[in-house]
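# Descriptive analysis of the structure
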Amino acid sequence: MQRIVVSGRGALAGEVRISGAKNAVLPILCATLLADGPVEIDNVPHLHDVVTTVRLLEGLGATVTHDIAAGRVVVDPRTVDSHVAPYELVRTMRASVLVLGPLLARHGAADVSLPGGCAIGSRPVDMHIRALEALGATITVEHGFIKASAGRLQGGRIVFDTISVGATENALMAATLADGETTIDNAAQEPEIVDLAACLVAMGADISGAGSSRIVVRGVPRLHGGRHAVIADRIETGTFLVAAAMTGGRVTATHARPNSLSAVIAKLEDAGAEVLVDGDRITVDMHGQRSRAVNVTTAPHPGFPTDMQAQLMAMNCIADGVAMIDETIFENRFMHVNELMRLGADIQIDGPRATVTGVARLSGAPVMATDLRASASLVLAGLVADGDTVIDRIYHLDRGYEHLERKLSALGATIRREG
Ligand code: EPZ
């Protein structure tokens, strides 16, 4: 089993190129199933979850070419001959559930394994199911499978009780081929939703309001092939900017989208960082200073992203002061806390609140990654801990970060992969 060894070696400095967004490319790859011609996706990051999604599409019969070096995937869905997303794939990647809407809309049937929970929470899919039923689907859940069927879907009114990125995406994709108009209220507003909608429009969909709480979709008879380049990953960007702040360094993220991470930038400024934005470049300069503790409450976009909570906790572990971190999205997204405490962090958990008292130094130790963003926070903590931090189970990291140790090494970090 591979692991990463990272040593605390002072300030990071330099430029890092941001890759395409994991949480945009995964729904967009699923959306290709809606087309009646080839769809070319560019700026695709080389991530384990992308490889898994390509395998899933091939398992459905799609013809897929994946040029990893070029960051390009071309999906020709005309050869799709199955509507079954098997358990062995879905259980490794929850985002597989995003084939549900496209398969139902394009083929009138979908059998998708229930994803099951993961480290950060139970993560049900009840809202996905209710949304598709509002468009006329008949859905049963039996023997661990979501079994959906429909004639042509009918446009309808979907109102989400709470905000769900994935349920919004499944509803949006299904509605593009429904007969009539669909309104989606209390829709997720994440930038990845906007990017998915842009790709669907490039394929001939009629969508307005993506990025707001009300999306309106006017169904069309068919979607054609097209091309789309995926937006930059705002969570990867935030992760590198936090690394700069924690190490007291100066890092510029290039090919980024500054306006997609305003809440993260605001927290870095509260922590004492100088943040400079110039087009698609964001520079964090900490001027060698220790960060100030910053309170955080996670929220749906445009609030502070839950996917940055673990990283900001790592920064608060060595900040000057006490910080309260409230996780409001997932019920179990503090799996990184015990591991950070092995590195000497001072953290108290009380339900959805973590109270972090900054310490002057962390000390390196063997730790274990439990989920994607938890593993990122352990790498960040290792950058400022005395001695070596050895992070096990880094397959979690490879799901969502392209060449993380290579990019950090280029910024001056002492980090290597072993095994
Ligand atoms: C997406 O997950 C992201 N994944 C997550 O990123 C991200 O943390 C999350 O949105 C929130 O921003 C992808 O885009 C592939 P949700 P998703 O539906 O769609 C509950 C990462 O690290 N819920 O917005 O699964 C759910 O349990 C990953 O990159 C229901 O109760 O998240 C959670 O508490 C982690 N019923 C809350 O809603 C449902 O039917 C928000 O979940 C659906 C969700």
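Everything here concerns the structure above.
Residues numbered from 1 in each chain as written. Predicted model: local features only at pLDDT ≥ 70, side-chain atom pairs only at ≥ 80, totals over all residues. Heavy atoms only, no water.

## A short note on the overall build of the protein
Inclusion rule: In this text, helices come from DSSP runs of H or I with a minimum length of four residues, and strands from runs of E with a minimum of two, each type numbered from the N-terminal end. Computation of the radius of gyration draws on C-alpha atoms alone. For the globule rule, the value is 2.2 Å times the number of residues to the power 0.38. Exposure is judged per residue with a 1.4 Å probe applied to protein chains only, and the accessible area is read against the type maximum: over 50% gives exposed, under 20% gives buried, and values in between give partly exposed. Values of accessible area rely on a 1.4 Å probe in the Shrake-Rupley scheme; residue burial ignores everything except the protein chains shown. We treat Lys and Arg as the positive residues and Asp and Glu as the negative residues; His and chain ends play no part in the count. Taken as the charge location is NZ of Lys, CZ of Arg, CG of Asp or CD of Glu.
For the protein, the helix and strand inventory stands at 14 helices and 26 strands. Against the compact-globule benchmark of 22 Å for 419 residues, the protein has a radius of gyration of 21 Å, which places it among compact chains. Across the 419 residues that make up the protein, the buried fraction comes to 58%. On the protein, roughly 15,300 Å² of surface is accessible, and the fraction owed to carbon and sulfur atoms is 49%. Separation of charge centres in the protein, based on 37 positive and 47 negative side chains, amounts to 2 Å.

## Thoughts on the pattern of salt bridges
The following threshold applies: What makes a salt bridge here is a side-chain nitrogen of Lys or Arg within 4 Å of a carboxyl oxygen of Asp or Glu, nothing more.
A complete count under the given rule lists 26 salt bridges for this structure. Taking the shortest distance from any N to any O, the salt bridge between R214 and D185 comes out at 2.8 Å. Placement of R214 in strand 13 (residues 214-218) and of D185 in strand 11 (residues 181-185) is noted, with a sequence separation of 29 residues between them. Look at the salt bridges and you will find they share partners, linking E40, D42, R72 and R227 into a network.

## Concerning the sheet that holds strand 26 (residues 414-418)
As a reminder of what qualifies: In this analysis, strands are considered paired if DSSP registers two or more bridges between them. All axes are obtained by fitting lines to C-alpha atoms, using only the stretch in contact for helices, and the reported angles, taken between N-to-C directions, cover 0 to 180 degrees.
Spatial strand order, 23-25-1-26: four strands in an open sheet with mixed pairing. The strands lining the two open edges of the sheet, one partner per strand, are strand 23 (366-368) and strand 26. With direction set aside, neighbouring strand axes in the sheet form an average angle of 20 degrees. Two strands pair when backbone bridges link them, and strand 1 (residues 3-7) and strand 25 (residues 388-392) are joined in this way by four bridges, in the antiparallel orientation.

## A look at unusual backbone geometry
Cis geometry is found at the peptide bond from H301 to P302, where omega equals 10 degrees. Within the element layout of this structure, P302 appears in the loop between strand 18 (296-297) and helix 10 (309-317). Residues other than glycine seldom take positive phi values, yet R393 does so here, at roughly 55 degrees. Following the sequence through the fold, R393 ends up in the loop between strand 25 and helix 13 (395-400). R393 sits in the partly exposed class, given a relative accessible area of 35%. Notably, H403 is not glycine yet its phi reads approximately 55 degrees, a positive angle. If you trace the backbone, H403 turns up in the loop between helix 13 and helix 14 (404-410).

## Some remarks on the packing of helix 4 (residues 100-107) against helix 6 (residues 165-175)
As a reminder of what qualifies: An angle below 35 degrees is read as roughly parallel, one above 145 as roughly antiparallel, one from 65 to 115 as roughly perpendicular, and any other as oblique. If you view the pair so one helix is near and one far, a crossing is left-handed when the near helix is turned anticlockwise from the far one by less than a right angle, and right-handed when it is turned clockwise. Working rule for contacts: check all heavy atoms of both residues, and any pair within 4.5 Å makes them a contact. Amino acids outside the nonpolar list (Ala, Val, Leu, Ile, Met, Phe, Trp, Tyr, Cys, Pro) and the charged list (Asp, Glu, Lys, Arg) are all regarded as polar, and Gly is one of them.
For the pair helix 4 and helix 6, interaxial distance at closest approach is 8 Å and the crossing angle is 15 degrees. What the angle tells us is that helix 4 and helix 6 run roughly parallel. Here the hand of the crossing between helix 4 and helix 6 comes out right-handed. Contacts between helix 4 and helix 6 involve L100, G101, P102 and A105 on the former and, on the latter, N170, M173 and A174. Tallied by class, the residues present in the contact of helix 4 with helix 6 amount to five nonpolar, two polar and no charged.

## A word on the site of the ligand
Here is the rule: Working definition: residue near molecule or strand if any one of its non-hydrogen atoms lies within 4 Å of it. Identification of polar contacts relies on pairs of N or O atoms within 3.5 Å, with a donor-acceptor requirement for protein atoms, meaning one able to donate a hydrogen and the other able to accept it, and with residues adjacent in sequence counted only if both atoms are side-chain atoms.
Lining the immediate surroundings of the ligand are 22 residues, of which D126, M127, S164, D307 and I329 lie closest. For the ligand, an oxygen atom lies 2.7 Å from a polar atom in the backbone of M127. Among the secondary structure elements, those contributing two or more residues to the shell around the ligand are helix 1 (22-31), helix 5 (126-133), helix 6 and helix 12 (372-384). Broken down by element, the residue count for the shell around the ligand peaks at three residues, all from helix 5.

## Re the nonpolar core
As a reminder, the rule being used: Residue types Ala, Val, Leu, Ile, Met, Phe, Trp, Tyr and Cys, when buried and joined through side-chain atoms within 4.5 Å, form a set referred to as a nonpolar core.
Core analysis: the biggest nonpolar cluster contains 78 residues, and L34, I41, V99, L153, L172 and L200 have the highest contact counts within it. Looking at this core, the element that brings in the most residues is helix 1, giving seven residues. Discounting residues that sit within four places of it in the chain, L200 has contacts with A31, L34, L172, M173, T176, A205, I207 and L223. Of all hydrophobic cores here, the second largest spans 70 residues; its members include A243, A253, A263 and V359.

## What about the environment of A105?
Along the polypeptide, A105 turns up in helix 4. For the pair A105 and A150, spaced 45 residues apart in the sequence, the C-alpha separation amounts to 8.0 Å. Those residues in contact with A105 that lie beyond four places of it in its chain are L34, L153, A174 and L177.

## What to know about the pairing of strand 16 (residues 274-278)
Bridge analysis of strand 16 against strand 17 (residues 281-285) gives five bridges, and the strand direction is antiparallel. Paired with E274 across the strands is D285, a residue of strand 17. The antiparallel hairpin formed by strand 16 and strand 17 contains two residues in its connecting segment, where G279 sits at a positive phi of about 65 degrees.

## Here's the deal with helix 1
Among the ten residues that make up helix 1, nine are buried, leaving the element largely enclosed by the rest of the structure. For helix 1, the complete set of buried residues consists of K22, A24, V25, L26, P27, I28, L29, C30 and A31.

## Concerning helix 8 (residues 234-247)
Going by this rule: Multiplying one less than the number of residues by 1.5 Å gives the expected span of a helix.
Between its first and last C-alpha atoms helix 8 spans 20 Å; for 14 residues at 1.5 Å apiece the expected length is 20 Å, and the two agree. Counting buried residues along helix 8, 14 of its 14 residues qualify, which places the element largely inside the surrounding structure. The backbone nitrogen of I235 has a side-chain oxygen 2.8 Å away, supplied by the residue at the start of helix 8, namely D233. Looking one or two residues past helix 8, G248 carries a phi angle of roughly 75 degrees, positive in sign.

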